[in-house]
Amino acid sequence: MSRPSNSSLGAHQRLGATFIDEDSIGLDAEEELDEALVAELSQRTPGFNGWQQERWFTHCNDAGEFIGKAGHAELLALGAEAMTAVQDATGLEDGPQWHTFFSAMDKDHGPTSYLFRCRHCSALGAYQDNH
Ligand SMILES: [Zn+2]
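Okay, so let's go over this structure. Predicted model only: the values in this text are computed from it and were never measured. (Residues numbered from 1 in each chain as written. Predicted model: local features only at pLDDT ≥ 70, side-chain atom pairs only at ≥ 80, totals over all residues. Heavy atoms only, no water.)

Distances from the zinc ion to its protein donors, H59 (ND1), C60 (SG), C118 (SG) and C121 (SG), fall at 2.0 to 2.4 Å. Around the zinc ion sit four donor atoms; with metal-centred angles ranging over 103 to 115 degrees, the donor geometry is tetrahedral. On the basis of relative accessible area, H59 is assigned to the partly exposed category, the value being 29%. (Donors = N, O, S within 2.8 Å, 3.2 Å for Na, K, Ca; no water. Tetrahedral: all angles 85-135°; square planar, octahedral: opposite > 155°, others 65-115°. Buried < 20%, exposed > 50% of the residue type's maximum accessible area, 1.4 Å probe, protein only.)

Given below as structure tokens:
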């Protein structure tokens, strides 16, 4: 490639600020984010190095803002929209299975939900791990 002036800076940024597997970002396989956006996302989330999920919430053709990890107590505090976002992410119907999962969610010990907010329309999105 013919970008010698950028190579050292790029290497520095990668070492210093990229904690996210860039290939893992995207809600759906067919929804791709451009490189600049992925780079921005990686760099503006420096504290998010515990990320082990395979996905990043995207909405309105942009990467959502990471709000934080949440267990059932945090979701109760965040309200119905957050709970609905997590329930949608689990694919569970509103019933005993969902309530069991919801009760078991814990911010530190898992299963843990990861909440995001669209920076354009404020829609909430979520993923959860099942550990
Ligand atoms: Zn949106």
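Quick look at the environment of F102 now. Locating F102 in the fold gives a position in helix α5 (residues 96–104). Here F102 is in contact with H72, L75, L76 and M83, once residues within four sequence places are set aside. (Helix = DSSP H or I, 4+ residues; strand = E, 2+ residues; numbered from the N terminus. Contact = heavy atoms within 4.5 Å.)

As a packed pair, helix α4 (residues 80–90) and α5 sit with axes 11 Å apart at the nearest point and diverge in direction by 115 degrees. As for the relative orientation of α4 and α5, their crossing is right-handed in sense. Within the contact between the two elements, α4 uses M83, V86, Q87 and T90 and α5 uses W98, F101 and F102. (Axes fitted to C-alpha atoms, helices over the stretch in contact; angles between N-to-C directions. Left-handed = near helix turned anticlockwise from the far one by under 90°.)

The next subject is the pattern of salt bridges. Here the structure, examined in full by the defined rule, presents two salt bridges. Close ionic contact of K107 with D108 constitutes a salt bridge, the shortest N to O distance being 3.8 Å. On the accessibility criterion, D108 (56% relative accessible area) is exposed. (Salt bridge = Lys/Arg side-chain N within 4 Å of Asp/Glu carboxyl O.)

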